[in-house]
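A closer look at the structure
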Amino acid sequence: MNVMNLRVDYTELLVDSAGRPFATKQLAVDALNHEFVSAAAACGAPSADRDQCIASLLDECAASDCSIRLRLFTPDEITKIFKTSIAPKNSTDVYGLSAKLLKRASPAISYVLANLFNNCMRLGQYPECLKKVKICPECFEAGLNNRLLSFWVPRNTLSDSQYAYRHGRSTTDLVREVVRCVLRAREAGRYVAVICCDLSRAFDTADHALVADKLAYYGIRGAASKLILSFMTGRAQVVIGDGGKVVSSELQNLMGVPQGSCLSNTLFSILLNDLPKTIKGADILMYADDVTAVVSATAERGLEEALNLVMEQLHQWFQSNGLALNKEKTSYMTFKLNGHRSPTLRVSAGGAPLQHVASTRLLGFQLDNALSWETHINELCGRLGRACFALRRLANTAGRGAVRECYFATVHSLLTYGVELWGRASDWRRAFSMQKRAVRAMAGKAVDAPARDIFRDLKILPLPCLFINQVARFMRENLDMFNCRGINTNYNLRSNRHHNRLVTEAHRLARSERSVYVLGPSVYNRLPDTIRNATSIAAFKVRLKNWLSQELFYNYQDFFDLPINI
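Residues numbered from 1 in each chain as written. Predicted model: local features only at pLDDT ≥ 70, side-chain atom pairs only at ≥ 80, totals over all residues. Heavy atoms only, no water.

1. Points about empty space enclosed by the protein
In this structure the tally under the stated criterion is 2 cavities of 30 Å³ or more. Roughly 80 Å³ of volume is contained in the largest cavity. In terms of lining, the largest cavity is formed by Leu-149, Leu-158, Ser-159, Gln-162, Ala-164, Tyr-165, Arg-166, Thr-266, Ser-269 and Asn-273. Grouping the constituent residues of the lining of the largest cavity by class yields 4 nonpolar, 5 polar and 1 charged. Volume-wise, the second largest cavity comes out at about 30 Å³. (1 Å grid on protein atoms, 1.4 Å probe; cavity = no way out; pocket = protein on both sides within 12 Å on 5 of 7 lines; lining within 4 Å. Points joined across faces, edges and corners; volume = space filled by probe spheres on them. Nonpolar A, V, L, I, M, F, W, Y, C, P; charged D, E, K, R; others polar.)

Structural data, given as structure tokens:
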């Protein structure tokens, strides 16, 4: 029997609010579906104040004087979307069609789909049948999303403070910017704090009419607006149990943007798009519905006043836009980088006090108020320990190739996630010890066996090399952020090959020395000319990795002892 094909039915495990099992599976899936649909309304999201929201937008900038004109779909575009944007999954939709089947059939059906999609755009109507499937609308949604972005990106409509669903941006980029804002404030002698807002079911509580208002404000009007509104509304939801044998009754979703598509992500981004400019006295950074505010002041009590002022603005904005702030999970953290205790301030939102924390989870990182990364590395080492145990067990039964793939899926992915942020923390050697433990387990060596030759044999970069690799890549991708000695920042790599030394930011704090913005130029300046003079980022990455694989730096000092190339 193929264990992978076994299906587990969890329907029988469901119980009602009193803890009693349901009499039938049908009652169970109906109750679960009702819970999903009603949960958004039950979270306490207020009704959106559309007039106030648009008035707030007008205070910041004028409405777009251009309107989008949706270009027609072509068969080639349909085929390309299926090829690049649709994963070949075997799971089927409510019509029994799989993504894998549609992907293979896309050249044959692209002409029909292009004609259907174009008719939908002319009528401004999203088909009801497509609202019940998972596969075919992804193609239509991807095409519509590309059209919205093509209209907005050249006009700089989308906020730079939104890091989600933006090409070339990631969770690490946002956390790096938070750390940079904190360090800049401390370098200026200011007191600084970070507010981490938690929104209750933000995607599920988005007000359709308000989203349509903001789309019109940003130039999505006429048939295009009608089509997008049709996409959001009139959607039904079902719950399927017992391996597809039991299907709940359909329930209508009266609010929220459909989750799971690129178009929905963009629509939600537009809902939050004006938030950063509306809030005064703070740097606002967003990753989807994760909203972070960095607030600073010249004195401790001034910081308390500033935090309350910013929090009141945030609370009011969320209320006006129909979003529910979860006050119990929203917290703030004050930073003291000199070892002194952070002050406990009185900060509230809507009359409810907010929790003051010493560390908080931010997009997969454990951010602490001393920027020591100790809490993050503690958690990281725990996860690495479990991965090492699995690798040692796997090495006894699987081949070397399979074990190596498992290493990169677990240990390597954990170590490279944001390593440029925590890789130079005082506790970095603990994570490196766990990596050495992992490669010893893969090679079947004793726990105290020398690991350097194992790294070379397995073609795996040690942690210091992973750090250097990430920092160097960040520098190459962001050279325009740094001043170069004696030349313009937008210099030509070929014509200025001997004059591309980067300058480190002025700083006075020890914590700043470990940041990528201060340490980055020092790393980049020590790379060989053959790497720095690569004519493309792709070539730069290949040459850098090959060089690190040869040098195999086992500690940071060996690298920083290299001469600076001028």
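So much for the structure itself; the text now carries on.
2. Focus on the layout of surface pockets
Over the atoms rolls a probe the size of a water molecule, and its path tells where empty space is left. If you add up the space inside the second largest pocket, you get close to 560 Å³. Together, 20 residues line the second largest pocket, and Gly-168, Asp-173, Arg-176, Phe-474 and Asn-478 are the ones closest to its centre. Among the elements that make up the lining of the second largest pocket, the one with the highest residue count is helix 6 (residues 171–187) (5 residues). A breakdown of the residues in the lining of the second largest pocket according to their chemical character gives 4 nonpolar, 8 polar and 8 charged. (Helix = DSSP H or I, 4+ residues; strand = E, 2+ residues; numbered from the N terminus.)

3. Quick word on the packing of aromatic side chains
Within the structure shown, the criterion is met by 23 aromatic pairs. Between Trp-547 and Phe-559, the ring centres sit 6.4 Å apart and the planes meet at 70°, which makes this aromatic pair edge-to-face. You can see Trp-547 sitting in helix 21 (residues 537–551) and its partner Phe-559 sitting in helix 22 (residues 556–560), a full 12 residues away along the chain. When its relative accessible area of 0% is taken as the criterion, Phe-559 is described as buried. Taken together, Trp-428, Phe-432, Phe-455, Phe-467, Tyr-554 and Tyr-556 form an aromatic cluster joined through their ring pairs. The lysine or arginine in question, Arg-424, covers the ring of Tyr-556, its NZ or CZ lying 4.4 Å from the ring centre. (Phe/Tyr/Trp six-rings, centres within 6.5 Å; stacked < 30°, edge-to-face > 60°. Buried < 20%, exposed > 50% of the residue type's maximum accessible area, 1.4 Å probe, protein only. Lys NZ or Arg CZ within 6 Å of the ring centre and 35° of its normal.)

In short, geometric facts, not functional conclusions.
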